[in-house]
Amino acid sequence: MSGMGDGYVGTAQDAVRIRRLEKQREAERRKIQELKTKSASAKDQPGLLQFGSSTSEILETAFKKETVGLVTREQYVEKRVNIQSKIEEEEKEKLQKQQQEEEELQLQKRKKRKIRGNSRLSFAEDIDNEPQEDEPHHKNFVMLLADNLEANRLRCGKLGKDPTVETSFLPDSEREAEEQAERERLRKQWLREQEQIRNEPLEITYSYWDGTGHRRVIQVRKGDSIGEFLRAVQQQLAPEFREIRTTSVENLLYVKEDLIIPHQHSFYELIVNKARGKSGPLFHFDVHEDVRTIADATIEKDESHAGKVVERHWYEKNKHIFPASRWEIYDPTKKWERYTIHGD
């Protein structure tokens, strides 16, 4: 046995493995020798382009081998022209072949992208990777598959959804956008309606009170505040009462149903909230009495009294005397369960 001396100690399996490795090394040596032989033979061929060499180097090498010995000038020029033409043709053919291969590669890539864009099936990649031996049948199958997918998309609208399934509880951006638009439309409509109500005319019967009553009627808007109402009252009463001409609007008070209503509140607020006073409703501004012939405690009295316009100096001077002793500041949070006309 080669490679093993008399002192070798090992099993039969080791000997088999050693022989196998020696055979592999021998085969590798032969391959290397064959490659060296091929490389040397290719280097000697003048018609082949050498990798890493320029065109001028290749031309000079081939020309030297063709012009061994003595040649005439005409032969020298002719051989050089022939060799140069041959090298240029080889380079041109090689360039054309590379361009053709690149075009074919790009065409195959475009076909694959088109197929993947049209198909959403899980085995689309398997279709792309199939051999191209049966190209016409492959194209027909892909076209048929794309037509079926397009038909399904047009018929169903959205792929992957069942229109019969209840989905109202799921988030839906389109539905939420429609609901938000509808809420915004209703909000604007309500604001327009409330603005129309504020601009409606309101006729108010009031009495200027200086110890005795001087009843008047004035018209304002429902959206006007108590301060704006008192300014209009001052203009109406100024020609008749000197104390009204010399005072300011801030020194006038409006008392309705025994409640002094602050200037910042509006008639619209009193009407909408159905505000109530100590002796009657604050949302009726005319004067009428309850004319029911039969008393019924379960039905609220339908009775309204004329509000009083009072000068602040007179109120401070007489607030301990009836009826000013019953008056108190209006508080929207305070509820009056029943109406009274006497007492606190």
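Everything here concerns the structure above.
The residue numbers shown here count from 1 along each chain, following its written sequence. Where local features are concerned, this predicted model is filtered to residues with pLDDT of at least 70; where side-chain atom pairs are given and counted, the filter is 80 or more; whole-chain, interface and lining totals use all residues. The basis for the side-chain values is all heavy atoms of the structure; hydrogens and waters are excluded.

**Some points on the overall build of the protein**
The helix and strand labels rest on DSSP assignments: H or I over at least four residues marks a helix, E over at least two residues marks a strand, and numbering proceeds from the N terminus. Helices and strands together make up the secondary structure of the protein, namely ten helices and six strands. Accessibility here uses a 1.4 Å probe with only protein chains present; expressed as a share of the type maximum, an area under 20% marks a residue as buried, one over 50% as exposed, and anything in between as partly exposed. Counting over 344 residues, the protein shows a buried share of 25%. We call two residues contacting when some pair of their heavy atoms lies within 4.5 Å. By sequence separation, contacts in the protein at least 24 residues apart represent 51% of the contacts at least 6 residues apart.

**Let's talk about the nonpolar core**
We define the nonpolar core as a collection of buried residues of types Ala, Val, Leu, Ile, Met, Phe, Trp, Tyr and Cys that are connected through side-chain atoms lying within 4.5 Å of one another. Of all hydrophobic cores here, the largest spans 26 residues; its most connected members are Ile204, Phe229, Leu230, Tyr254 and Phe267. Sorting the residues of this core by element identifies β1 (201-209), β2 (213-221), α7 (226-237), β3 (252-256) and α9 (267-272) as the ones contributing at least two each. With five residues, α7 is the single largest residue contributor to this core. Once residues within four sequence positions are removed from consideration, Leu230 is found in contact with Val249, Leu252, Leu253, Tyr254, His263 and Val309.

**Structural notes on the pattern of salt bridges**
Salt bridge criterion: a side-chain nitrogen from Lys or Arg within 4 Å of a carboxyl oxygen from Asp or Glu. Scanning the entire structure with this criterion turns up twelve salt bridges. Arg198 serves as the salt-bridge partner of Glu195, at 3.9 Å between the closest nitrogen and oxygen. Taken as a pair, Glu195 and Arg198 lie in helix α6 (residues 173-198) at a separation of three residues, close to a single helical turn. Under the relative-accessibility criterion, Arg198 is labelled partly exposed at 29%. A salt bridge links Glu257 to Lys256; the shortest N-O distance between them is 3.5 Å. One connected set of salt bridges, linked through shared partners, spans Lys278, Glu328 and Lys334.

**Remarks on the environment of Asn251**
With respect to the helices and strands, the residue Asn251 is situated in the loop between α8 (242-246) and β3. In contact with Asn251, not counting residues within four places along its chain, are Val310, Glu311 and Arg312.

**Focus: the packing of aromatic side chains**
Between rings of Phe, Tyr and Trp, where Trp is taken as its six-membered ring, a pair exists when centres lie within 6.5 Å; planes separated by under 30 degrees are stacked, by over 60 edge-to-face, and by other angles tilted. In total, this model carries seven aromatic pairs according to the counting rule given. Between Tyr254 and Phe267, the ring centres sit 6.4 Å apart and the planes meet at 70°, which makes this aromatic pair edge-to-face. Taken together, the positions of Tyr254 in strand β3 and Phe267 in helix α9 put the pair 13 residues apart, joining distant regions of the chain. Considered together, Tyr254 and Phe267 belong to a single accessibility category, that of buried residues. Three or more aromatic residues joined by ring pairs make a cluster, and in this case those are Tyr206, Phe229, Tyr254, Phe267 and Phe285. Stacked on the ring of Trp209, the Lys or Arg Lys308 has its end atom at 5.5 Å from the ring centre. Whether a charge lies above a ring is judged from NZ of Lys or CZ of Arg, which has to be within 6 Å of the ring centre and within 35 degrees of the ring normal.

**Focus on the pairing of β2**
Only when DSSP finds a minimum of two bridges between them are two strands counted as paired. Bridging between β1 and β2 involves nine bridges; their strand directions are antiparallel. Directly across from Glu203, in β2, lies its bridge partner Gln219. Linking two consecutive strands that pair antiparallel, namely β1 and β2, is a turn of three residues; a positive phi of about 115° is found at Gly211 within it.

**A few points about α7**
Expected helix span is given by 1.5 Å per residue-to-residue step, counting one fewer step than there are residues. The terminal C-alpha atoms of α7 lie 16 Å apart, and with twelve residues this matches the ideal 16 Å at 1.5 Å per residue to within 8%. Residues Ile226, Gly227, Phe229, Leu230, Val233, Gln234 and Leu237 constitute the buried set of α7. In a view along the axis of α7, the buried residues occupy a sector of 155°, so they form one face of it. Looking at the buried residues of α7, the elements they touch are β1, β2, α8, β3, α9 and β5 (307-311). What the arc measures is the spread of directions leading from the helix axis to the C-beta atoms.

**Focus: the pairing of β3**
The element β3 is extensively covered by neighbouring structure, given that five of its five residues are classed as buried. With burial as the criterion, each face of β3 is covered, one bearing Leu252, Tyr254 and Lys256 and the other bearing Leu253 and Val255. By the bridge criterion, four bridges tie β3 to β5 in an arrangement that is antiparallel. Counted as the bridge partner of Leu252 is Glu311 from β5. Judged from the two bridges that link them, β3 and strand β4 (residues 259-260) form a sheet pairing that is antiparallel. By the bridge assignment for β4, Lys256 is matched with Leu259. The hairpin formed by β3 and β4 contains two residues between the paired strands, and Glu257 there has a positive phi angle of roughly 55°.

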